[in-house]
Amino acid sequence: MMFPWKQIVLLSITGCLAACTEDVIFQGPRWRTEPSDLILPIDSPDQQATITCEAEGSPPPQYRWSLNGTLIDLGNDYRRHMSGGSLIISKLDKDQDIGVYQCTAFNTWGSILSRRASLQFAYLDNFKTQTVRSAVNVREGQGVVLLCGPPTYSGELTFAWIFNEYPYFVQQDNRRFISQETGSLYIAKVETSDVGNYTCVVNNTVSREKVLSSPTPLVLRSDGVMGEYEPKIEVHFPDSVPAAKESLVKLECFALGNPVPEISWRRTSGIPFPSKVKMKNSNAVLEIPNFQQEDAGTYECMAENRRGKNAARGRISFHAKPHWLQTMTDTALSIEENLFWECKANGKPKPSYSWLKNGEQVMAEGQVQIENGALSIAALNLSNSGMYQCVAENKHGIIYSGAQLMVLASPPSFSKSPLRALLKARSGSEVTLECKPEASPPAISLWKKGNEILQRSERITLLPNGTLKIANVTRRDAAIYTCMAKNQFGTASTSGRLLITEPTRITMRPTNMEIIVGESIVLPCQIACDPALDVSFSWAFNGQLIDFQRDSDHFERVGGSISGDLMVRNIQLNHGGKYVCVIDTDVESLSTSAILVVKGPPGPPDRVSVEEITDSTAQLSWTPGRDNGSPITGYIIQARTPFTVGWQVVDTVPEVVNGNMLTATVAGLNAWVEYEFRVVARNTVGLGEPSPSSAKTRTEDTLPDTAPTDVGGGGGTKSELVITWEPVPEELQNGEGFGYIIAFRPVGTDTWTRAVISTPGVSRYDFRNDTIPAFSPFDVKVGAFNNRGEGPFSSIATVFSAEEVPCVAPMRVRTRSVSAVQIEVIWEALPAISERVLGYEVMYWEDDTKPDTIGKVRISGNYTLVNITGLKANTVYYLCVAAFNTGGPGPQSASINTTTKKPPPDRAPLNIQWTMIGSTLTMHWDPVVALETESKVTGYLVLLKRHHNNDISAISTNKTTVELSLSANDNYLIQIKAMSEGGEGVGSEPIHIHKLSMGARGSRATRLSPLYVSAVLIGALLCSAW
């Protein structure tokens, strides 16, 4: 406990006492963890029990424990000690440690008691006698009860019975029942199979102990069989069964009888059982989980067979331990104030109440009154401070609720609520000055203007809570104002200067505007104000404050200290609305607003639907979208099919769809094509976004109206007429079942021969007839048809039938190997023959055994020479020649062979050196020596490219030197190659000769030389110049 004078000193030093108790910090002990009931096996292996207890507070609480209401002296108890607040008991002793424990937590602010917790020990003794029990003699058909008679125990038991020997347990059914209340085995009607020895098995679920009784023999009597008889209830629940709230209630009922009785249950009130109620063990057990008040009442068990019936009744009564409905809270009151606390609890029976202060009983006397769970203390003093607990108790339990009472006493203090040093007010306004000292008890206050004590007047109001109000202030009210506060513990004051300022005026306001999407504007907001005022500007858009950092892409504050102009950049449609400029000063707040209307292209129309469709038109309707500030002036309709690339504008009726129309007819559609439509609105700003597309709709079918094009043909084999055409695209076929009608006749005749093809993608028809003369002209036309009928035919074209191939092979075929990759072939032209000759075909191959190496070169006209290129070097090729026409190639000439040249050297000339004197360039290089597998070098080719006109000239030489005459006004690129019978070799690295190089020398080699650097430098210069 803390003495009152110590509390005054402490409270004065900490400054924690206040008339407003929200700043008070309550530091008395309060529970984190309270003790719970424990039941332990008597022979627990660790021989130790821990009863938890933990509280918080400042300073940290200390603890003490009591057992059965007696304080435990832990200093002289070697078996008990504390860890934190928890009590640890070692070397458990059933006689000394069993009982009810309670924990007390205390610090300098007071003490609180925990809930009570019991410690019990579970055990199970052995049966007193282990000899065989007396035999039970019964007749067949008679009922019997085998008693278990469990030994002494503590804890919860379960029962089972062994028949003859382990592990053969008695199985419960409608004839056999084991009571978990008495442990006895009940057999409603004995059968011959029941004869044997029965052993009762008792299990302690807490201590996990198990004991077995001596066997009880069941013997059949020899004096006959028991006749039928009415049920006799041997197991029934008591007349009165108390049941706790939310508990699991089990009622047992079993009867003996012959025949075996059937068990049923009901409530005598007639109320049916709720779904939670379960019946088990052939209805011998009734279970009511989560027992509630409405489950209380009289229950009846009925046992019935054909010989009669019997019933047992009992009443289940509801009881509940107390639980809180209302508790008190920590409270801080000033000295001399009154305390009223009330706690309310529910329970059955109704709980009674008592009060504790610091763990001790509170008696109703003097200033303290207790009535029905309510505690009142009049005229508080410091000694009333402490930890209080309300206790609610009935015979089923006891609960505690605690709170701290702090009685405050302190002189006035303005440390947390002083007057502002400078207070500004607009002339003509009302000024409110608050006087809110912290004081216990509350202080009496007065106001001074300068040294003059203020009195009430027409303009001056002094409120009971100490607040000062001055109406319609003028500059004469400017002064230093002081609030003075006093109670029995002292006085205090706080002062502030009142400054009167001129009203602020808005000199430039924003105006309502219309603007186009994408533009930028500045909304002005400028003021004239008293120089003593601090001013801030803010903008709101449609009621939401603009965040200039987050919305910097569009909004920016511009202007100086007396300007709050708002720039809105790249305006979008969603920027249309109300803009409010808010001007805040020390003494007032002003605002001005403007409406910004943003105009943009229309929004997308909606609900585009096809109302009616034909083979070439579609009637559309739609709903308008937003006009976005500018009336819609017209609509454009677009269509898409599987055959178009994207959306296409379509023709409409009327041709121009104005903004007031919401329907139009699309014209010029193709028949039997699936279309989607969409609508685009426009206004004076521009075109808007397109509408969602309509549902896909197919136009009606009709006769084909497009004939095949590019009708022609010819060629083929003997006695054939080949007719070709360009197929009609699918989007122009106008319906299903599309195909072609091919009509032809010999030129000069009247009768047409017709053929029908039902495949839309076919573009060729071959007509074979042995009577068709070779290369004979025919009139040909091709038409189209579908399921609706025939369409138009194409114009008539002349097509020749297949002609005979040339019947003679070319003669005197000769070849010449030109290089490693090229062969020249020469032959004699065919003499005049009856068949047409359109040209010649040369076939070549590497080996007769390799048909995949065959190549073919065909030339049209009367040419008798061809060069075959792209061949392999040093390879034997076989060749033959045949004449051809549209009927194909004729007979081939006899094959001949030739061998391509060896390949040219695959190395470029090396060590190229050059000297430039005036305009003469002299070049030297090392000779290229051919390998045995390469063609012999026959000379060199010097390629010269001028930059000015891009000309390339070639100079041949059989030497390893050359002189060139160059222009001084141009740049050159030079490359050297070796020449051979196999062709040109690999070229050297290009040499750049810059026009500034006249009179210089250089080289190009595989190894670096002193001249190589200058050549590279010149090359670099040329590259940059070119």
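Just so it is clear, the structure is predicted and the values come from calculations on it, not from any experiment.

Quick look at the overall build of the protein chain
Of regular secondary structure, the protein chain possesses three helices and 92 strands. C-alpha atoms of the protein chain, sized along the principal axes, occupy 150 × 125 × 80 Å. Counting every position in the protein chain, which comprises 1026 residues, the buried fraction comes to 43%. At a minimum sequence separation of 6, the contacts of the protein chain that also span at least 24 residues come to 65%. A total of about 53,000 Å² of accessible surface is found on the protein chain, and carbon and sulfur atoms cover 50% of it. The average position of the 93 basic charges and that of the 106 acidic charges among the side chains of the protein chain differ by 5 Å.

With respect to the layout of surface pockets
Size it by volume and the largest pocket reaches roughly 740 Å³. Ser179, Gln180, Glu181, Lys250 and Glu252 are the residues nearest the centre of the largest pocket, which is lined by 30 residues in total. Contributions of two or more residues to the lining of the largest pocket are made by strand E15 (157–163), strand E16 (176–178), strand E21 (229–235), strand E23 (249–252) and strand E27 (285–288). For the lining of the largest pocket, the leading source of residues is E23, giving four residues. The class makeup of the residues in the lining of the largest pocket is 15 nonpolar, eight polar and seven charged.

Some points on the UniProt feature "domain: Fibronectin type-III" (unreviewed entry) in the protein chain
Under the UniProt annotation, the feature "domain: Fibronectin type-III" (unreviewed entry) is placed at residues 604–705, 707–804, 809–903 and 908–999. The distance from the first to the last C-alpha atom of residues 604–705 is 36 Å, and the span holds 0% helix and 46% strand. Taken end to end, residues 707–804 comprises 0% helix and 50% strand; its first and last C-alpha atoms sit 32 Å apart.

A look at the state of the cysteines
Taken as a whole and judged by the stated rule, the model has six disulfides. The disulfide that involves Cys253 links it to Cys301, with 1.7 Å between the sulfurs. Looking down the S-S bond of the Cys253 and Cys301 bridge, the torsion is -75 degrees, so its handedness is left-handed. A residue pair is termed long-range when its members are at least 10 positions apart, and Cys253 in the loop between E23 and strand E24 (254–258) and Cys301 in strand E28 (residues 297–305) qualify at 48 residues. Each member of the pair, Cys253 as well as Cys301, carries the same accessibility label: buried. What pairs with Cys435 in a disulfide is Cys483, and their sulfur atoms sit 1.7 Å apart. Linking Cys435 and Cys483, the disulfide has an S-S dihedral of approximately -60 degrees and is accordingly described as left-handed. Highlighted residues: Cys435 in the loop between strand E41 (431–433) and strand E42 (438–440) and Cys483 in strand E47 (residues 479–487), separated in sequence by 48 residues. Accessibility assignment for this pair places Cys435 and Cys483 in one class, buried. Taken in N- to C-terminal order, the disulfide-linked cysteines of the protein chain are connected 1-2, 3-4, 5-6, 7-8, 9-10, 11-12. The cysteine Cys529 is free of any disulfide, with Cys525 supplying the nearest cysteine sulfur at 12 Å.

Description of the environment of Gly712
By the secondary structure assignment, Gly712 is in strand E68 (residues 709–713). On the basis of relative accessibility, which here comes to 16%, the residue Gly712 falls in the buried class. Excluding residues that lie within four positions of it along the chain, Gly712 makes contacts with Val722, Ile723, Thr724 and Val799.

Examining the sheet that holds strand E46 (residues 468–470)
If you walk across this open sheet you meet the three strands as E41-E46-E45, and the pairing is antiparallel. The sheet terminates laterally at E41 and strand E45 (460–462), the two strands that pair on one side only. Taken pair by pair, the neighbouring strands of this sheet meet at an average axis angle of 15 degrees, ignoring direction. Sheet topology places E41 next to E46; three bridges connect them, and they run antiparallel. When the bridges of E46 are listed, Thr432 appears paired with Lys469.

Re the sheet that holds strand E63 (residues 651–653)
Spatial strand order, E59-E60-E65-E63: four strands in an open sheet with antiparallel pairing. Each edge of the open sheet carries a strand with a single partner, namely strand E59 (606–613) and E63. Here the average twist between neighbouring strands, direction ignored, is 35 degrees. When E59 meets strand E60 (residues 618–623), the two strands line up antiparallel, connected through five bridges. Among the inter-strand pairings, Glu612 is bridged to a residue of E60, identified as Gln619.

What to know about the pattern of salt bridges
Counted by the stated rule, this structure contains 45 salt bridges. A salt bridge links Arg175 to Asp194, with the shortest nitrogen-to-oxygen separation between them at 2.5 Å. With a gap of 19 residues between them, Arg175 in the loop between E15 and E16 and Asp194 in the loop between strand E17 (185–187) and strand E18 (196–204) connect regions that are remote in the sequence. Note on accessibility: Arg175 and Asp194 belong to one class, buried. The salt bridge involving Glu981 is made with Lys901; its shortest N-O contact spans 4.0 Å. With Glu981 in the loop between strand E89 (972–980) and strand E90 (983–984) and Lys901 in the loop between strand E83 (896–899) and strand E84 (912–917), the pair connects residues that are 80 residues apart, well separated along the chain. Overlapping salt bridges bring together Asp77, Arg79, Arg80 and Asp97 as one network.

Here is what the cut-offs are and how they apply
Residues numbered from 1 in each chain as written. Predicted model: local features only at pLDDT ≥ 70, side-chain atom pairs only at ≥ 80, totals over all residues. Heavy atoms only, no water. Helix = DSSP H or I, 4+ residues; strand = E, 2+ residues; numbered from the N terminus. Buried < 20%, exposed > 50% of the residue type's maximum accessible area, 1.4 Å probe, protein only. Contact = heavy atoms within 4.5 Å. Areas by Shrake-Rupley, 256 points an atom, 1.4 Å probe, with all protein chains shown as cover. Lys, Arg positive; Asp, Glu negative; His and termini not counted. Charge placed at Lys NZ, Arg CZ, Asp CG, Glu CD. 1 Å grid on protein atoms, 1.4 Å probe; cavity = no way out; pocket = protein on both sides within 12 Å on 5 of 7 lines; lining within 4 Å. Points joined across faces, edges and corners; volume = space filled by probe spheres on them. Nonpolar A, V, L, I, M, F, W, Y, C, P; charged D, E, K, R; others polar. UniProt positions renumbered as here; feature names shortened; annotations may be inferred. Disulfide = S-S within 2.5 Å. Pairing = 2+ DSSP bridges. Axes fitted to C-alpha atoms, helices over the stretch in contact; angles between N-to-C directions. Salt bridge = Lys/Arg side-chain N within 4 Å of Asp/Glu carboxyl O.

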